[in-house]
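One-letter residues, chain by chain:
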Amino acid sequence: MSVHLLAQVTSYTRQYHDLKYTVVEVYDLTKLRLLLNKQGNQAALNYFSQIPPQLKACEQMAFAMNAGMFHYTYHPVGLYIEKRKKLFPLNRHRGWGNFYLQPNGVLVWNAKQAVILSTSQYAKRKFKADYATQSGPMLVSNRKINPIFMAESRSQKIRNAVGIKDQVLFFVITEQAVNFYTLASFMQADLGVEQALYLDGSISAVYLAEQAINTQSSPFGPMLAYIEDQSCD
């Protein structure tokens, strides 16, 4: 396992049952952001490469990943909070597609705490969110794999997800095509996460500055980025 340290970010490749996964651990929530191409913005924001030009001169992007499902307009399908502003509401509708597989859930954080909750749990909880993104389905809930997944499923895709354990966020992307059960099993059994939320598949991508990795090939809606600063005023 090769480990790379990026300040408060640790990235590594891990092998589990002959499959490889890229894992990024995030400890400092104050540097983790959500970004979205707002309607009317002059500068587009659909690619990782478009984020650095919009940062301050003293800021550097260490890590980025797609952050949930979106419509053809690139607007999130569900809840989206950025810098404490709710731009899109919680989606509790029933529908077709991965987002609506039950239970779906929310990744939410502020400077002090991060949580991954099912959509129904989040709706009942008053959490002062700095950032939140809704996606689905939940892969792991209370350390148990979502029972709707089948180990023999033939739906194989490059997929990415986020898990949490002891207030560390684990962002995972598969290096080979896998099904839901395989990804959930890796996160539950190997990483030992308490909760895990699926983010997307097929288009999933990651950016790691230290390793000069950028696997993005298509535009995104919401994106996650870990932004380091060099004593910004």
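Residues numbered from 1 in each chain as written. Predicted model: local features only at pLDDT ≥ 70, side-chain atom pairs only at ≥ 80, totals over all residues. Heavy atoms only, no water.

**Brief notes about the overall build of the chain**
So, step 1. Each helix and strand in the chain was counted, giving two helices and 18 strands.
So, step 2. Taking 2.2 N^0.38 as the reference for a compact globule, 233 residues should give roughly 17 Å; the C-alpha atoms of the chain span a radius of gyration of 16 Å, in line with that estimate.
So, step 3. Across its three principal axes, the chain shows a C-alpha extent of roughly 50 × 40 × 35 Å.
So, step 4. Burial analysis of the chain (233 residues in total) assigns 52% to the buried set.
So, step 5. For the chain, the share of sequence-separated contacts (at least 6 apart) that also reach a separation of at least 24 residues comes to 68%.
So, step 6. With the model as given, the accessible surface of the chain reaches about 11300 Å², and the carbon-plus-sulfur share is 48%.
So, step 7. Of the side-chain charges in the chain, 23 are positive and 16 negative, and the distance between the mean point of each set is 11 Å. (Helix = DSSP H or I, 4+ residues; strand = E, 2+ residues; numbered from the N terminus. Rg over C-alpha atoms; globule rule 2.2 N^0.38 Å. Buried < 20%, exposed > 50% of the residue type's maximum accessible area, 1.4 Å probe, protein only. Contact = heavy atoms within 4.5 Å. Areas by Shrake-Rupley, 256 points an atom, 1.4 Å probe, with all protein chains shown as cover. Lys, Arg positive; Asp, Glu negative; His and termini not counted. Charge placed at Lys NZ, Arg CZ, Asp CG, Glu CD.)

**Structural notes on the environment of Tyr27**
So, step 1. Checked against the element boundaries, Tyr27 lands in the loop between β3 (19-26) and β4 (32-35).
So, step 2. A distance of 3.2 Å separates a polar atom in the side chain of Tyr27 from a polar atom in the side chain of Thr10. (Polar contact = N/O pair within 3.5 Å; in protein donor to acceptor, adjacent residues only side chain to side chain.)

**Focus: the environment of Ala177**
So, step 1. You can see Ala177 is positioned in the loop between β14 (168-174) and α2 (180-190).
So, step 2. Sequence-distant contacts of Ala177, defined by excluding residues within four places in its chain, comprise Gln156, Lys157 and Ile158.

**Quick look at α2**
So, step 1. Turning to α2, its buried residues are Phe180, Leu183, Ala184, Ser185, Phe186 and Met187.
So, step 2. Residue Asn179 occupies the N-cap position of α2, its side-chain oxygen lying 3.2 Å from the main-chain nitrogen of Tyr181.

**Some details on the pattern of salt bridges**
So, step 1. According to the stated counting rule, one finds five salt bridges in the structure shown.
So, step 2. The partner of Arg84 in a salt bridge is Asp130, and the shortest N-O contact between them spans 2.8 Å. Taken together, the positions of Arg84 in the loop between β6 (80-82) and β7 (85-88) and Asp130 in the loop between α1 (119-124) and β10 (131-135) put the pair 46 residues apart, joining distant regions of the chain. (Salt bridge = Lys/Arg side-chain N within 4 Å of Asp/Glu carboxyl O.)

**Considering the side chain of Lys31**
So, step 1. By the element assignment, Lys31 lies in the loop between β3 and β4.
So, step 2. Of the side chains bearing the opposite charge, Asp28 lies closest to the buried Lys31, which forms no salt bridge; the N-O distance is 4.1 Å.
So, step 3. Sequence-distant contacts of Lys31, defined by excluding residues within four places in its chain, comprise Ala225, Tyr226, Ile227, Glu228 and Asp229.

**Some details on the sheet that holds strand β16 (residues 206-208)**
So, step 1. Reading across from one edge, β4-β18-β5-β16-β17 is the order of the five strands in this open sheet, with antiparallel pairing throughout. Each edge of the open sheet is held by one strand with a lone partner, namely β4 and β17 (213-214). (Pairing = 2+ DSSP bridges.)

**Section: the packing of aromatic side chains**
Two descriptors summarise a pair of aromatic rings, namely the distance from one centre to the other and the angle between the planes of the rings.
So, step 1. Here the structure, examined in full by the defined rule, presents 10 aromatic pairs.
So, step 2. Ring geometry for Phe48 versus Phe220: centroids 5.5 Å apart, planes at 55°, classification tilted. With Phe48 in the loop between β4 and β5 (59-66) and Phe220 in the loop between β17 and β18 (223-229), the pair connects residues that are 172 residues apart, well separated along the chain.
So, step 3. For Phe220, a relative accessible area of 0% corresponds to the buried category. (Phe/Tyr/Trp six-rings, centres within 6.5 Å; stacked < 30°, edge-to-face > 60°.)

**Looking at the sheet that holds β6**
So, step 1. The five strands lie next to each other as β7-β6-β10-β8-β9, forming an open sheet whose pairing is antiparallel. At either margin of the open sheet sits one strand with a lone partner, and together these are β7 and β9 (114-118). Sheet twist, expressed as the mean angle between neighbouring strand axes with direction ignored, is 20°.
So, step 2. Relative to β10, β6 runs antiparallel, the two sharing three bridges. Bridge pairing links Glu82 to Tyr131 in β10. (Axes fitted to C-alpha atoms, helices over the stretch in contact; angles between N-to-C directions.)

**Considerations on the pairing of strand β15 (residues 195-201)**
So, step 1. For β15, a buried count of seven out of seven residues is recorded, marking the element as mostly surrounded by other parts of the structure.
So, step 2. In this structure, strand β13 (residues 159-165) lies alongside β15, joined through six bridges in antiparallel fashion. Directly across from Val162, in β15, lies its bridge partner Leu197.

Note that every value here comes from positions in space, so none of it alone points to a role or purpose.
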